[in-house]
Amino acid sequence: MSEDYENHYDGKCGICGVVGYLQDIQEHVLAEHEHVEENGTVNNSSPQQLQNTTEWQEGETRLLLDKYESYLPLVGPMKKFKTKKNMWLQISKDLSVILNVERSPLQCENRYKTILKRKKRQLKTMTEVAAAVLILSMSRK
Ligand SMILES: [Zn+2]
């Protein structure tokens, strides 16, 4: 690797050492190392998890979030859904009609809460990912 080549870039992955433009490296770390856990180990999803039949599939989760987003503004005393409970009931029906999966309104609500928790955790991980991106130009100057 020539010096010119290295000078061309301003970022480096602190995990695997890949060199590139800072923005590319940030994307690389998020894409390639998104499973870096808080303790720094890589989380390989175990096969046991797949055996769980109550596990939500990606399509179900996407539909759930999609519906939640579009229904939430319709929740209110004078609106389509009087309470959030009614909204979860509708989302449960949507999952059944569109994806042919049976999820109770409570399961839908719990799933949403789980995603929220996970999102908060992911934000923390992303901060750590940002810390793994080394800025080459800073150490050079
Ligand atoms: Zn890397």
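- The name given to the protein chain in an unreviewed UniProt entry is Myb-like domain-containing protein, with Callosobruchus maculatus as the source organism.
- Checking UniProt for the protein chain, the heading Subcellular location (unreviewed entry) contains the comment "Nucleus".

**Topic: the sheet that holds strand S1 (residues 11-13)**
Then, in step 1: Spatial ordering of the open sheet is given by S2-S1-S3, a layout of three strands whose pairing is antiparallel. The open sheet terminates on both sides in strands that have one partner only, identified here as strand S2 (19-20) and strand S3 (133-135).
Then, in step 2: Note that S1 and S2 share two bridges and pair antiparallel. By the bridge assignment, Lys12 is partnered in S2 with Val19.
Then, in step 3: Against the sheet, helix H2 (residues 22-32) touches S1, S2 and S3, its axis set at about 20° to S1.

**Some words on the packing of helix H4 (residues 58-71) against helix H5 (residues 84-99)**
Then, in step 1: Running from N to C, H4 and H5 cross one another at 140°; their axes reach a closest spacing of 10 Å. Looking at the two axes, H4 sits oblique to H5. As for how H4 packs across H5, the hand of that crossing is right-handed. Mapping the contact onto sequence places Gly59, Glu60, Leu63, Leu64, Lys67, Tyr68 and Tyr71 in H4 and Met87, Gln90, Ile91, Asp94, Leu95, Ile98 and Leu99 in H5.
Then, in step 2: In terms of residue class, the contact of H4 with H5 is built from nine nonpolar, two polar and three charged.

**A few points about the nonpolar core**
Then, in step 1: If you look at the biggest cluster of nonpolar residues, it comprises six residues: Leu64, Met87, Trp88, Ile91, Leu95 and Cys108.
Then, in step 2: At four residues, H5 tops the list of elements feeding residues into this core.
Then, in step 3: Excluding its chain neighbours within four sequence positions, the residues that come into contact with Cys108 are Leu64, Trp88, Ile91, Ser92 and Arg103.

**Things to note about the packing of H5 against helix H6 (residues 105-132)**
Then, in step 1: Between H5 and H6, the shortest axis-to-axis distance is 8 Å and the interhelical angle comes to 100°. Considering the angle they form, H5 stands roughly perpendicular to H6. Contact residues: Lys85, Trp88, Leu89, Ile91 and Ser92 in H5; Pro105, Cys108 and Glu109 in H6.
Then, in step 2: Across the contact of H5 with H6, the residue classes break down as five nonpolar, one polar and two charged.

What counts and what doesn't
- Residues numbered from 1 in each chain as written.
- Predicted model: local features only at pLDDT ≥ 70, side-chain atom pairs only at ≥ 80, totals over all residues.
- UniProt positions renumbered as here; feature names shortened; annotations may be inferred.
- Pairing = 2+ DSSP bridges.
- Helix = DSSP H or I, 4+ residues; strand = E, 2+ residues; numbered from the N terminus.
- Contact = placed C-beta atoms within 7 Å.
- Axes fitted to C-alpha atoms, helices over the stretch in contact; angles between N-to-C directions.
- Parallel < 35°, antiparallel > 145°, perpendicular 65-115°, else oblique.
- Left-handed = near helix turned anticlockwise from the far one by under 90°.
- Nonpolar A, V, L, I, M, F, W, Y, C, P; charged D, E, K, R; others polar.
- Core = buried A, V, L, I, M, F, W, Y, C linked by C-beta atoms within 7 Å.
- Buried ≥ 20, exposed ≤ 12 C-beta atoms within 10 Å, placed from the backbone.

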